[in-house]
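# Overview (structure and organization)
The chain contents come next:
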Amino acid sequence: MTTRPKARPVSRAALAGEADPRLVALSVSIQDDAALFAEDVRGSQAHVAMLAAQGIVPRAVARRLRRALDQVRQEFAAGAIRFDPALEDVHTHVERRLGELAGRDAGYLHAGRSRNDQVALDERLFIVGACARCDAAVARLQRALVGQARRHLDTVLPGYTHLQRAQPVSLAHHLLAHVEAAGRDRQRLAEVRARAAISPLGSGALAGTTLPLDREAVARALGLTGVTRNSLDAVADRDSAIELLFAVALAAVHLSRLGEEIVLWTTREFGFMTLDDAFATGSSLMPQKKNPDVGELARGRAGRAIGDLVALLAVVKNLPLSYNRDLQEDKRPLLGGPEALALTADALAGAVETATFHADRMEEALGGGEALATDAAEYLVERGVPFREAHEAVGAAARLATARGVPLARLDAADWKGIHRTFGPDVLRCFDPRRSLRRRELPGGPGPRAVRTELRRWERALGAAR
Ligand code: ARG
């Protein structure tokens, strides 16, 4: 057993005595970055294997260190590592525990490496994993939406603009709108992942190393696609973290919009949707309450996700090259944000999957034909009337209906004829919402065939069982 001064951090080699406790309290990040232990160990194992292959470290030592690092990982996973604020971060905690297990040999590990390129690598590995985790969760939500869309191809409701009833759409079309947004989120995550998946190791503190490292070999061993091309940039760059937080924030905003609709649709006033009890919450005071907390939390979480993005942009914005300690402040947003998104997407997926949609209430909300006024205008357009004139005519019809206190669909053929001579008695057919949908078969539109096409495309893409 070698003796060391207790918990004297490796990084204080040139400094006298110990750090003031107030500085220690400010510097410590293990409570946040301990979450990176698996990435940190993986990176170290790849680094030491390369050091051995390059003849920088004896092969037997590298083998022992790799095994000991396995044990460190297990101990971290089991929560068996005691945190010591004086050791600052996850990198020094791993290194210190390795020292306890492997003695003097542990000192070989850090050759040609700095915590600056080490943390940059750990974060890149984390980002690659986080993109995959978020992607899987958002895909599960897509499957839940697609499953309900399949069941509700024939359910018609008013589509809304300005939260006012506008024109009829099928519930399938509405649900698939959320699937589209989620699809863009997944594309963004894939792009973030591709840009993140390169290795900064070999950049050292900022200026590389005199040792003959094999950077490409480390990258390959870690499943990364290449290496960074400028050592200063490599340790200063947090673009991938920022891009991930943007992708997460925008995905969270999409979940928030879905959450808002769940909140609205489950009100007595809308009555379009009932949550399964397993996805509803009660009130501690009011016994009759059934609350859509799942949607509200989705809205609230988006606030945090936006904050995380802005926080990291603000941390980076004035930093000169290259590494600056400010960058340590990236940990909380980066490490917490993606997980929160995945949890939110999973809960929403469950809520959507198990919800009941009320076709009768949706049908009622279509009202007395107001949602089909545009169809009546297009009736005239098809018969050669300029659209503006047609728009005016149907506006006059709407005023007439309002004056009589009847819904638009209640006007009779003579009323329409009186408003514009081009109206024939068949104008009344415009007020059948299903007929209206059948006539909206442009690609991407709400026509039943167009929607079926998109639904099948998504089912294939998601491998969703029919
Ligand atoms: N905990 C530090 C961070 O997250 C690791 C890098 C420390 N580097 C340094 N030169 N103090 O940024």
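Residues numbered from 1 in each chain as written. Predicted model: local features only at pLDDT ≥ 70, side-chain atom pairs only at ≥ 80, totals over all residues. Heavy atoms only, no water.

Let us look at the overall build of the protein chain. Across its full length, the protein chain holds 18 helices and six strands. A compact globule built from 466 residues would reach a C-alpha radius of gyration of about 23 Å, whereas the protein chain, at 30 Å, exceeds it by more than 25%. For the C-alpha atoms alone, the extent of the protein chain along its principal axes is close to 100 × 55 × 45 Å. Counting every position in the protein chain, which comprises 466 residues, the buried fraction comes to 48%. Considering only residue pairs separated by 6 or more positions, the protein chain has 75% of its internal contacts joining residues 24 or more positions apart. If you sum the accessible surface of the protein chain, you get close to 22,900 Å²; carbon and sulfur atoms cover 54% of it. (Helix = DSSP H or I, 4+ residues; strand = E, 2+ residues; numbered from the N terminus. Rg over C-alpha atoms; globule rule 2.2 N^0.38 Å. Buried < 20%, exposed > 50% of the residue type's maximum accessible area, 1.4 Å probe, protein only. Contact = heavy atoms within 4.5 Å. Areas by Shrake-Rupley, 256 points an atom, 1.4 Å probe, with all protein chains shown as cover.)

It is worth spelling out unusual backbone geometry at this point. Of note, the bond from L321 into S322 is cis; its omega dihedral lies within 30 degrees of zero at 0°. Residues other than glycine seldom take positive phi values, yet L163 does so here, at roughly 55°.

Let's shift gears to the pairing of strand β1 (residues 156-161). Bridge analysis of β1 against strand β2 (residues 164-170) gives six bridges, and the strand direction is antiparallel. Pairing of P158 across the sheet is with P168, part of β2. From the end of β1 to the start of β2, which pair antiparallel, there are two residues, and H162 there has a positive phi angle of about 55°. (Pairing = 2+ DSSP bridges.)

What the rule picks out here adds up to 32 salt bridges. Taking the shortest distance from any N to any O, the salt bridge between E88 and R115 comes out at 2.9 Å. Taken as a pair, E88 in the loop between α4 (59-77) and α5 (90-102) and R115 in helix α6 (residues 115-151) lie far apart in primary sequence, 27 residues in all. Take E88: its relative accessible area is 14%, and that puts it in the buried class. Salt bridges sharing common partners tie together E88, D89, R115 and R325. (Salt bridge = Lys/Arg side-chain N within 4 Å of Asp/Glu carboxyl O.)

Glancing now at a nonpolar patch on the surface. There is a patch of nonpolar side chains on the surface, built from L206, L232 and L321 and spanning about 270 Å² of accessible area. With respect to the secondary-structure elements, L232 resides in helix α9 (residues 231-236). Given the relative accessible area of 32%, L232 is considered partly exposed. (Patch = residues over 30% accessible without salt bridge, like charges linked within 9 Å, V, L, I, M, F, W, Y side chains within 5 Å.)

A complete count under the given rule lists zero disulfides for this structure. The cysteine C134 is free of any disulfide, with C131 supplying the nearest cysteine sulfur at 6.9 Å. (Disulfide = S-S within 2.5 Å.)

On inspection of all chains with the given rule, the structure shows eight aromatic pairs. Ring centres of F37 and F76 lie 5.3 Å apart, and the angle between their planes is 10°; this geometry places the pair in the stacked category. A residue pair is termed long-range when its members are at least 10 positions apart, and F37 in helix α3 (residues 37-53) and F76 in helix α4 qualify at 39 residues. Take F37 and F76: they sit in the same class, and that class is buried. Judged by centre distance (5.2 Å) and plane angle (90°), the ring pair of F270 and F272 falls under edge-to-face. The buried category is assigned to F272, whose relative accessible area is 2%. Among the aromatic side chains, those forming a connected cluster through ring pairs are Y160, W265, F270, F272 and F357. Over the ring of Y379 we find R383; its NZ or CZ atom is 3.6 Å from the centre of that ring. Directly above the ring of W458 sits R457, whose terminal nitrogen or CZ lies 5.0 Å from the centroid. (Phe/Tyr/Trp six-rings, centres within 6.5 Å; stacked < 30°, edge-to-face > 60°. Lys NZ or Arg CZ within 6 Å of the ring centre and 35° of its normal.)

Within the secondary structure layout, D117 lies in helix α6. Summary of buried charges: D117 has no salt-bridge partner, and the nearest side chain of opposite charge, R113, is 5.6 Å away. Within the structure, D117 has its side chain in polar contact with the backbone nitrogen of G202 (distance 3.2 Å). What D117 contacts, discounting residues up to four positions off in sequence, is G112, P200, L201, G202, S203, G204 and V235. (Lys, Arg positive; Asp, Glu negative; His and termini not counted. Polar contact = N/O pair within 3.5 Å; in protein donor to acceptor, adjacent residues only side chain to side chain.)

Turning next to the confidence of the model for the protein chain. Mean pLDDT over the protein chain stands at 95; residues scoring 70 or higher make up 97%. Within the model, pLDDT remains below 50 along residues 1-5, and this stretch shows two contacts once partners closer than five positions in the same chain are excluded. (pLDDT = per-residue confidence, 0-100.)

Our focus in this paragraph is the site of the ligand. Taken together, D89, H91, R115, N116, V119, Y323, Q328 and K331 are the residues near the ligand. Interatomic distance of 2.8 Å between a side-chain N/O atom of D89 and a nitrogen atom of the ligand. Residue Y323 places a side-chain N or O atom 2.4 Å away from an oxygen atom belonging to the ligand. Protein chains shield 86% of the accessible area of the ligand, which is 340 Å² for the free molecule. With three residues, the single largest contributor to the shell around the ligand is α6. A class-by-class count of the residues in the shell around the ligand yields two nonpolar, three polar and three charged. (Near = heavy atom within 4 Å. Nonpolar A, V, L, I, M, F, W, Y, C, P; charged D, E, K, R; others polar.)

Our next topic: α4. Since there are 3.6 residues in each turn of an α-helix, residues three or four apart along the chain are aligned in direction. Taking 1.5 Å as the rise per residue, α4 with 19 residues should run 27 Å; its terminal C-alpha atoms sit 27 Å apart, in good agreement. Positive backbone phi, at 70°, marks G79, one or two positions downstream of α4. (Expected span 1.5 Å × (residues − 1).)

Axis separation between helix α11 (residues 293-316) and helix α12 (residues 331-354) bottoms out at 10 Å; the angle between their running directions is 160°. Judged by the angle between their axes, α11 and α12 are roughly antiparallel. Two packed elements cross with a definite hand, and for α11 against α12 that hand is left-handed. Taken together, the residues of α12 that come into contact with α11 (itself represented by V294, A298, R301, R304 and D308) are P333, G337, A340, L343, T344, A347, L348 and A351. Within the contact of α11 with α12, the residues separate by chemical class into eight nonpolar, two polar and three charged. (Axes fitted to C-alpha atoms, helices over the stretch in contact; angles between N-to-C directions. Parallel < 35°, antiparallel > 145°, perpendicular 65-115°, else oblique. Left-handed = near helix turned anticlockwise from the far one by under 90°.)

Where α3 contacts α4, the two axes come as close as 9 Å, and the packing angle between them is 175°. Taken together, α3 and α4 sit at an angle that is classed as roughly antiparallel. Every residue of α4 that contacts α3 at F37, A38, V41, R42, S44, Q45, A46, V48, A49, A52 and A53 is listed here: R59, A62, L65, R66, L69, D70, R73, F76 and A77.

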